[in-house]
Amino acid sequence: MNALQNNEAWREAMWRTFYDTYIEYSVQQAQKRGFNTALTIRSFVDTALNQGATGDSGSLEGILSRSGSSTNEKKFMTSFYAKRTLVVDTNDYNQPPNGKNRVKQWSSLLASGETDLKNADAAVIKATNWELK
């Protein structure tokens, strides 16, 4: 394993796979809806990474399809978080209650208006008042 960590081609391949599979898809989904805040994109990446970008109803694709069509980002994301909470700790996506805690974290940041995540350290610490189980 250590040899792979030092292999430039392997590291680049891992990054490209991560970017292409999770980040790029999440950004595309946000932009498709007219959303561009760091919080929304990060929420989508968290979902894609932990539950799959595409596929079943618990994937980012599946949750987005049930979150409505509002063009108001806060309204849409509130619905998205509600739908995600229903599946986040199921189907071996996360060990409960870690998934629900992360959704609460994102939702709390949205409610506090910390959508650009710039200089948001204090808000993130406040929203992350849980421990990984």
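None of the values given here were measured: they were computed from a predicted structure.

Visitor: Teacher, can you tell me more about the packing of helix α5 (residues 73–87) against helix α6 (residues 98–111) here?
Guide: For any two helices packed against each other, the geometry is given by the interaxial angle and the distance between the axes. The geometry of α5 relative to α6 is characterised by a closest axis approach of 10 Å and an angle of 165 degrees between their N-to-C directions. In terms of their interaxial angle, α5 and α6 are classed as roughly antiparallel. The hand of the α5/α6 crossing is left-handed. Contacts from K74, M77, T78, Y81, R84 and T85 in α5 reach K100, R102, V103, W106, S107, L110 and A111 in α6. Considering only residue class, the contact of α5 with α6 consists of 6 nonpolar, 3 polar and 4 charged.

Visitor: Honestly, the environment of L49 in this entry has me stumped. Any pointers?
Guide: Structurally, the position occupied by L49 is in helix α3 (residues 38–51). Once the C-alpha coordinates of L49 and E114 are considered, the two residues, 65 residues apart in sequence, prove to be 22 Å apart. Look past the residues within four positions of L49 in its chain and what remains in contact with it is F18 and Y22.

Visitor: Help me understand the environment of S26, please; the structure alone is not making it clear to me.
Guide: Structurally, S26 is set in helix α2 (residues 8–32). Its relative accessible area of 0% is what places S26 among the buried residues. Along the sequence, S26 and T40 sit 14 residues apart, while their C-alpha atoms lie 9.0 Å from each other. Excluding anything up to four places from it in sequence, S26 contacts I41, F44, V45, A48 and L60. Within the local environment of S26, its side chain forms a polar contact with the backbone oxygen of F44, the two atoms lying 3.4 Å apart.

Visitor: Honestly, the side chain of N94 in this entry has me stumped. Any pointers?
Guide: Within the secondary structure layout, N94 lies in the loop between α5 and α6. Take N94: its relative accessible area is 11%, and that puts it in the buried class. In terms of polar contacts, N94 uses its side chain to reach the backbone carbonyl oxygen of V88, at 2.6 Å. Only 2.9 Å separates the side chain of N94 from the side chain of R102, close enough to count as a polar contact.

What counts, and at which threshold
Residues numbered from 1 in each chain as written. Predicted model: local features only at pLDDT ≥ 70, side-chain atom pairs only at ≥ 80, totals over all residues. Heavy atoms only, no water. Axes fitted to C-alpha atoms, helices over the stretch in contact; angles between N-to-C directions. Helix = DSSP H or I, 4+ residues; strand = E, 2+ residues; numbered from the N terminus. Parallel < 35°, antiparallel > 145°, perpendicular 65-115°, else oblique. Left-handed = near helix turned anticlockwise from the far one by under 90°. Contact = heavy atoms within 4.5 Å. Nonpolar A, V, L, I, M, F, W, Y, C, P; charged D, E, K, R; others polar. Buried < 20%, exposed > 50% of the residue type's maximum accessible area, 1.4 Å probe, protein only. Polar contact = N/O pair within 3.5 Å; in protein donor to acceptor, adjacent residues only side chain to side chain.

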